[in-house]
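Fold and geometry: a report
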Amino acid sequence: DRLPLCSPSSRLIDTLHELTKKQCGCVLAVGPERTLEGIFTDGDLRRALEKGGENSLNKPIESFMTREPKTTSPGALAADALHRMEED
């Protein structure tokens, strides 16, 4: 319940509440089986509004999310996660 989740087809306007409520700085876009399909961040929100203005609010999150974000396993060390994030 603490994870900020949405469907990739959720409209941006409908996802803003989840983004704000969970105070995480991102929303995880998950499919029907709760598999990760993408991530939508505060930065993605700013870029979407800058590029498309209020018209962006009715578009689906999948239009703006990062597909296949870098992930790590729950048991990974912080140093390993940091290394993974820095990879190209």
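Thresholds, definitions, all that
Residues numbered from 1 in each chain as written. Predicted model: local features only at pLDDT ≥ 70, side-chain atom pairs only at ≥ 80, totals over all residues. Heavy atoms only, no water. Helix = DSSP H or I, 4+ residues; strand = E, 2+ residues; numbered from the N terminus. Buried < 20%, exposed > 50% of the residue type's maximum accessible area, 1.4 Å probe, protein only. Contact = heavy atoms within 4.5 Å. Areas by Shrake-Rupley, 256 points an atom, 1.4 Å probe, with all protein chains shown as cover. Lys, Arg positive; Asp, Glu negative; His and termini not counted. Charge placed at Lys NZ, Arg CZ, Asp CG, Glu CD. Core = buried A, V, L, I, M, F, W, Y, C linked by side-chain atoms within 4.5 Å. Pairing = 2+ DSSP bridges. Axes fitted to C-alpha atoms, helices over the stretch in contact; angles between N-to-C directions. pLDDT = per-residue confidence, 0-100. Salt bridge = Lys/Arg side-chain N within 4 Å of Asp/Glu carboxyl O.

A tally of helices and strands in the protein yields 3 helices and 4 strands. When each of the 88 residues of the protein is scored for burial, the buried share is 30%. Residue pairs at least 24 apart in sequence account for 46% of intrachain contacts in the protein once pairs closer than 6 positions are excluded. Carbon together with sulfur atoms contributes 50% to the accessible area of the protein, which is approximately 6,400 Å² in total. If you average the places of the 12 positive and of the 15 negative side-chain charges in the protein, the two averages end up 3 Å apart.

A word on the side chain of Thr15. Within the secondary structure layout, Thr15 lies in helix 1 (residues 12-21). The buried category is assigned to Thr15, whose relative accessible area is 2%.

With that out of the way, let us pick up the nonpolar core. Cys6, Leu12, Leu19, Val27, Ala29, Phe40, Leu45, Ala48, Ile61, Phe64 and Met65 form the largest nonpolar core, which has 11 residues in total. For this core, the secondary structure elements donating two or more residues are helix 1, strand 2 (26-30) and helix 2 (42-52). Not counting residues up to four positions away in its chain, the partners in contact with Ala48 are Leu12, Gly53, Ser56 and Phe64.

Among the residues making up helix 2, those that are buried are Gly43, Asp44, Leu45 and Ala48. Positive phi appears at Gly53, one or two residues downstream of helix 2, with a value of about 60°.

Right, let's talk about the sheet that holds strand 4 (residues 66-67) for a bit. Ordered by their spatial adjacency, 4 strands build an open sheet running 1-2-3-4, and the pairing between neighbours is mixed. Strands at the two margins of the open sheet, each flanked by one partner only, are strand 1 (5-6) and strand 4. By the bridge criterion, 2 bridges tie strand 3 (residues 36-41) to strand 4 in an arrangement that is antiparallel. Each residue of the ladder has a partner; that of Gly38, found in strand 4, is Arg67. Seen against the sheet, helix 2 touches strand 3 and strand 4 and runs at an angle of roughly 70° to strand 3.

A word on the environment of Val27. Assignment of secondary structure puts Val27 in strand 2. When sequence neighbours within four positions are dropped, the list of residues in contact with Val27 reads Pro4, Leu5, Cys6, Thr15, Leu19, Gly38, Ile39 and Phe40.

Below, the discussion takes up the confidence of the model for the protein. Of the residues in the protein, 99% have a pLDDT of 70 or more, and the chain-wide mean is 91. Of all secondary-structure elements in the protein, the lowest mean pLDDT belongs to helix 3 (residues 78-86), at 87, while strand 3 reaches the highest, 95.

Moving on, we come to the pattern of salt bridges. Enumeration over the complete set of coordinates arrives at 4 salt bridges. Here Arg11 makes a salt bridge to Asp14, at a shortest N to O gap of 3.0 Å. Here Arg11 falls in the partly exposed class, since its relative accessible area comes to 35%. Residue Asp44 is joined to Arg47 by a salt bridge in which the shortest nitrogen-to-oxygen separation is 2.9 Å. On the criterion of helical spacing, the pair formed by Asp44 and Arg47 is a turn pair, its members being 3 residues apart in helix 2.

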